[in-house]
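Here is how the chains run, residue by residue.
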Amino acid sequence: MNAAAETMFVAAPYQAAGKVVIECNVAKIFYGDFLAVRDSQVPIEKRKITGFIGPSGCGKSTVLRSLNRMNDLISIFRFEGNVMYHGQDVYAKKVDPVLVRRYIGMVFQQPNPFSMSVYDNVAFGLRLNRYKGDMDERVEKALKRAALWKEVKDKLKNSGLSLSGGQQQRLCIARAIATEPDVLLMDEPCSALDPIATRQVEELMLELKERYTLALVTHNMQQATRVADTTAFFSVDISKGGRTGYLVEMGPTEQIFQNPRETLTKEYISGEFS
Amino acid sequence: MTNMFEAADSVSPISGPPRALEYANDRIFRGIAWTSAFLVIALTGFILWEVGRQAAPAIQAYGLGFITGTEWNVNQGEFGVLPEIWGTLYSSLLALALGGLFGIAIAIFLTQDFIHHRLAMIFRTVIEMLAAIPSVVFGLWGIYILIPLLKPGAEWLHDQLGWFPLFSTDLAGPGMAPAALVLAIMILPTVAAITVDAFHRIPYKIKEAAYGMGTTRWEAILKVMVPTASSGILAALVLGFGRALGETMALAMLIGNANQISLSLFSPANTLASLLASTFPEAGHLEVQALMYAALVLLAITFLVNVMGQMVQQYTIRKFEGKR
Ligand SMILES: Nc1ncnc2c1ncn2[C@@H]1O[C@H](COP(=O)(O)OP(=O)(O)OP(=O)(O)O)[C@@H](O)[C@H]1O
Ligand SMILES: [Mg+2]
């Protein structure tokens, strides 16, 4: 027990400078018996972009999706710890996950437009929230911000599934931002995009953070340095036969990339692997 | 097949051309597929031709008057199937409304995480077993259990709301209501099973997208899952309707075989299939010709329903999925 406790690395908590919207304190996250993530504290700061980086399978998506209780859909998922959103634990019994997701929106790793028209896809969240204003205007604005308007303005009535993969992803971004949620979680939103669209989406993120809070998972180191204000680096612990992810280091992006405290971080960002 | 790429000499021995046997298998399989397809078409054509040949004298004698006529009188040589056409469509539509609604509801219940998936499998098996019950058993069940069960309610409805066309007659025994109810139960497994498959085909990420937008469970089901599965659900309804149109035995036992057109749920009626089943055994030469004509009419109705179903389905696929 003691020996195990000694070898278990726990990252020093990151002391955020500004106001924290979501304090994510993961003790343990399980899928069935499988311990996917342990001991990770990730504060998400208001009007900042928090980047999540780390090798594949280290639990970035798992942690990100825990923030708005997306993982509740998976019956074997179990979360230990708490996620304080404006001072309230979103995992508290009395909290309705539906409400959490209305305030904390999400763009997924894979494009997942609904099988309905482009317009209806973007208007979906607006209709869900019984938006009374000018729907057309909102839809157009969201599509413009997602850098998709020019490509689809003449085919708003076509099915969202008739778009290309990259266009579908931007459609999903438009769908998520149309309702302007308080926090937007983005899980590798640019993995299906070309460099031009990637740049446009990054500009969107920078524009969005003026008013909203963003959390972004990315495999693209340049992207993290370009947009993230703070960066959390996760890694996998394979020492005990498991594959448990954990937070290695979190800090201002510049510090993480230029002056990492942990050797693991240094090795990862410079592309050296043990 | 010759290999035109012999020149690619740096290819490893692992990648090579398919062997002659593999090409032969391919050809054999294609042959079997083509033969089966051809046989199905040939058989359908043969049945149509044969029925048409036997019906030809009746078609010549009665023409379109057969379809608009309301009398079926062998002694006077009068044959008309309008009441049967009406009864076929009316009973099938009622069954479709009921069986379709319950079938879809059951499919939603089984696929949208209301119960554990193992329990759902058991439920599904039970429902599919409904489809294996012979229709004569349904007929008997209707006569001995359903009709007596319906009688008091039908009487009350007729007494209280007799002015309403649907309740304008009393249920004397067999009639439209028990027939349509049994039909609904009979098409329910078809509708439910195909709709379940349609829901199962929806990728998990679509469900995630719906909940990710902050939908409640009902919003996710009604605003995302059902539209996404709509082409499959339509296919289920078309198949169920087709089954209802052609159902014979249970209807012959339950609908009352009365040659009349009535909106009332409680009056006896008749359908084309049940007319065929109950009249054929004792039909004379002339009547058989008329019955063959009636069979052709039934085939035409079924064909039209299928074509229309296909069209609606193609439309929804285009609208929702954008594929051509
Ligand atoms: N639904 C699930 N059921 C069981 N195990 C899961 C599930 N989702 C993820 N896992 C496991 O949890 C671990 C972390 O997965 P996660 O998807 O969070 O990784 P990730 O860091 O996002 O990887 P990537 O960069 O490849 O997207 C993996 O070992 C994975 O196998
Ligand atoms: Mg991931």
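Residues numbered from 1 in each chain as written. Chains lettered and ligands numbered in written order. Predicted model: local features only at pLDDT ≥ 70, side-chain atom pairs only at ≥ 80, totals over all residues. Heavy atoms only, no water.

Peer 1: Can you help me understand the overall build of chain A in this one?
Peer 2: Assigned secondary structure in chain A consists of 11 helices and 10 strands. Radius of gyration (C-alpha) of chain A: 19 Å, near the 19 Å computed for a compact globule of 274 residues. Seen through its C-alpha atoms, chain A measures out along the principal axes to roughly 65 × 45 × 35 Å. Taken across its 274 residues, chain A has 57% of its residues classed as buried. Accessible area for chain A stands at about 12,300 Å²; split by element, carbon and sulfur atoms hold 50% of it. Side chains of chain A carry 35 positive and 32 negative charges; the gap between the two charge centres is 5 Å. (Helix = DSSP H or I, 4+ residues; strand = E, 2+ residues; numbered from the N terminus. Rg over C-alpha atoms; globule rule 2.2 N^0.38 Å. Buried < 20%, exposed > 50% of the residue type's maximum accessible area, 1.4 Å probe, protein only. Areas by Shrake-Rupley, 256 points an atom, 1.4 Å probe, with all protein chains shown as cover. Lys, Arg positive; Asp, Glu negative; His and termini not counted. Charge placed at Lys NZ, Arg CZ, Asp CG, Glu CD.)

Peer 1: In this structure, what is going on with the sheet that holds strand S4 (residues 77-85) of chain A? I would like to understand it.
Peer 2: Strand pairs in the sheet, formed through backbone hydrogen bonds, run parallel or antiparallel to each other. Residues and elements named next belong to chain A. Taken in spatial order, the 10 strands of this open sheet run S5-S4-S1-S2-S10-S9-S3-S8-S7-S6, and their pairing is mixed. Each having just a single partner strand, strand S5 (88-89) and strand S6 (104-107) make up the two edges of the open sheet. Where helix H2 (residues 60-67) meets the sheet, its contacts fall on strand S1 (20-31), strand S2 (34-45), strand S3 (49-53), S4, S6, strand S7 (183-187), strand S8 (213-217) and strand S9 (230-237), and the angle it forms with S1 comes to roughly 125°. Packing against the sheet, helix H8 (residues 195-208) makes contact with S3, S7 and S8, and its axis sits at approximately 145° to S8. (Pairing = 2+ DSSP bridges. Contact = heavy atoms within 4.5 Å. Axes fitted to C-alpha atoms, helices over the stretch in contact; angles between N-to-C directions.)

Peer 1: Explanation requested: the domain arrangement of chain B in the structure shown.
Peer 2: Accessible area lost when the parts come together is the quantity often used to give the size of an interface. All names here are of chain B. In terms of domain boundaries, chain B breaks down into domain 1 (14-62) and domain 2 (66-321). On a C-alpha basis, the centres of domain 1 and domain 2 stand 30 Å from each other. Opposite the 9 residues of domain 1 that make contact, domain 2 presents 12 residues. Of the roughly 910 Å² buried at the junction of domain 1 and domain 2 (both faces included), carbon and sulfur atoms supply 76%. For the domain 1 face of the interface with domain 2, the top three residues by lost area are Val 51, Gln 54 and Tyr 62, together amounting to 56%. Where domain 1 meets domain 2, there are 0 salt bridges. Counting every contact that joins domain 1 to domain 2 gives 0 residue pairs in polar contact (both at pLDDT 80 or more). Within the side of domain 1 that touches domain 2, the residues separate by chemical class into 7 nonpolar, 2 polar and no charged. (Domains from an automatic or database assignment. Buried area = accessible area lost by both parts, 1.4 Å probe. Salt bridge = Lys/Arg side-chain N within 4 Å of Asp/Glu carboxyl O. Polar contact = N/O pair within 3.5 Å; in protein donor to acceptor, adjacent residues only side chain to side chain. Nonpolar A, V, L, I, M, F, W, Y, C, P; charged D, E, K, R; others polar.)

Peer 1: How should empty space enclosed by the protein be read in this particular structure?
Peer 2: Rolled over the atoms, a probe sized like a water molecule indicates the empty space that remains. Counted by the stated rule, this structure contains 3 cavities of 30 Å³ or more. The computed volume of the largest cavity comes to approximately 70 Å³. What lines the largest cavity is simply Arg 101, Arg 102, Gly 105, Met 106, Asn 129, Ala 176, Thr 179 and Pro 181 of chain A together with Gly 212 and Met 213 of chain B. Contributions of two or more residues to the lining of the largest cavity are made by helix H3 (97-103) and S6 of chain A. Each residue belonging to the lining of the largest cavity can be placed in one class, and the counts come to 4 nonpolar, 4 polar and 2 charged. (1 Å grid on protein atoms, 1.4 Å probe; cavity = no way out; pocket = protein on both sides within 12 Å on 5 of 7 lines; lining within 4 Å. Points joined across faces, edges and corners; volume = space filled by probe spheres on them.)

Peer 1: Would you mind going over the site of ligand 1 with me for this structure?
Peer 2: All names here are of chain A. Neighbouring residues of ligand 1: 14 residues in total, closest Ser 56, Lys 60, Ser 61, Thr 62 and His 219. Thr 62 places a side-chain nitrogen or oxygen 2.4 Å from an oxygen atom of ligand 1. Side-chain polar atom of Gln 109 to an oxygen atom of ligand 1: 3.0 Å apart, as the coordinates give it. The set of elements that each furnish at least two residues to the shell around ligand 1 consists of S2 and H2. The greatest single-element share of the shell around ligand 1, amounting to 3 residues, is contributed by H2. Class assignment for the residues of the shell around ligand 1 results in 5 nonpolar, 7 polar and 2 charged. (Near = heavy atom within 4 Å.)

Peer 1: I would appreciate a short explanation of the layout of surface pockets in the present structure.
Peer 2: Residues and elements named next belong to chain B. Taken as a whole, the largest pocket encloses approximately 610 Å³ of empty space. Lining the largest pocket are 23 residues; nearest its centre among them are Thr 111, Asp 113, His 117, His 200 and Lys 207. Only helix H3 (82-111), helix H4 (117-130), helix H6 (176-200), helix H7 (204-212) and helix H8 (217-228) provide two or more residues apiece to the lining of the largest pocket. Considered class by class, the residues forming the lining of the largest pocket number 14 nonpolar, 6 polar and 3 charged.

Peer 1: Mind showing me how you'd approach the coordination of the magnesium ion (ligand 2) here?
Peer 2: Around a metal, the idealised angle for a tetrahedral arrangement of four donor atoms is 109.5 degrees; for an octahedral arrangement of six donor atoms it is 90 or 180 degrees. Distances from the magnesium ion (ligand 2) to its protein donors, Ser 61 of chain A (OG) and Gln 109 of chain A (OE1), fall within 1.8 to 2.6 Å. Of this pair, Ser 61 of chain A sits in helix H2 while Gln 109 of chain A sits in the loop between S6 and helix H4 (118-128), placing them 48 residues apart in sequence. (Donors = N, O, S within 2.8 Å, 3.2 Å for Na, K, Ca; no water.)

Peer 1: Would you explain unusual backbone geometry in this entry?
Peer 2: Negative phi is the rule for most residues except glycine; trans is the rule for most peptide bonds. Residue and element names in this part refer to chain A. Although it is not a glycine, Asp 39 adopts a positive phi angle of roughly 30°. Looking at the secondary structure, you find Asp 39 in strand S2. Positive phi outside glycine occurs at His 86, with the angle close to 50°. By relative accessible area, which is 44% here, His 86 ends up partly exposed.

Peer 1: Help me understand the packing of helix H1 (residues 20-62) of chain B against helix H12 (residues 285-321) of chain B in this model?
Peer 2: Residues and elements named next belong to chain B. Relative to each other, H1 and H12 sit at 115°, their axes nearing to 7 Å. Judged by the inter-axis angle, H1 sits roughly perpendicular to H12. Both H1 and H12 take part in a crossing whose hand is left-handed. Residues Leu 48, Val 51, Gly 52, Gln 54, Ala 55, Pro 57, Ala 58, Ile 59 and Tyr 62 of H1 touch H12, and the partners they reach there are Leu 286, Val 288, Gln 289, Ala 290, Met 292, Tyr 293, Ala 295, Leu 296 and Leu 299. For the contact of H1 with H12, the residue count by class is 15 nonpolar, 3 polar and no charged. (Parallel < 35°, antiparallel > 145°, perpendicular 65-115°, else oblique. Left-handed = near helix turned anticlockwise from the far one by under 90°.)

Peer 1: Can you help me understand helix H5 (residues 135-145) of chain A in this one?
Peer 2: Every α-helix carries 3.6 residues per turn, so stepping three or four residues along brings you back to the same face. All names here are of chain A. Regarding H5, the residues found buried are Met 135, Val 139, Ala 142, Leu 143 and Arg 145. Considered in projection along H5, the buried side chains sweep an arc of 165° and stay on one side of the axis. Here the buried face of H5 lies against H4, helix H6 (149-152), helix H7 (165-178) and H8. If you check the start of H5, you find a side-chain oxygen 3.2 Å away from the backbone N of Asp 136, and it comes from Asp 134. Ala 147, located one to two residues past H5, shows a positive phi value of around 60°. (Arc of directions from axis to C-beta.)

Peer 1: Looking at this structure, how should I read the packing of aromatic side chains?
Peer 2: Each aromatic ring pair is described using two quantities: the centre-to-centre distance and the angle formed by the ring planes. Scanning the model with the defined rule gives 18 aromatic pairs over all chains in all. Of note, Arg 217 of chain B hangs over the ring of Phe 114 of chain B, and the distance from its end group to the ring centre comes to 4.5 Å. (Phe/Tyr/Trp six-rings, centres within 6.5 Å; stacked < 30°, edge-to-face > 60°. Lys NZ or Arg CZ within 6 Å of the ring centre and 35° of its normal.)

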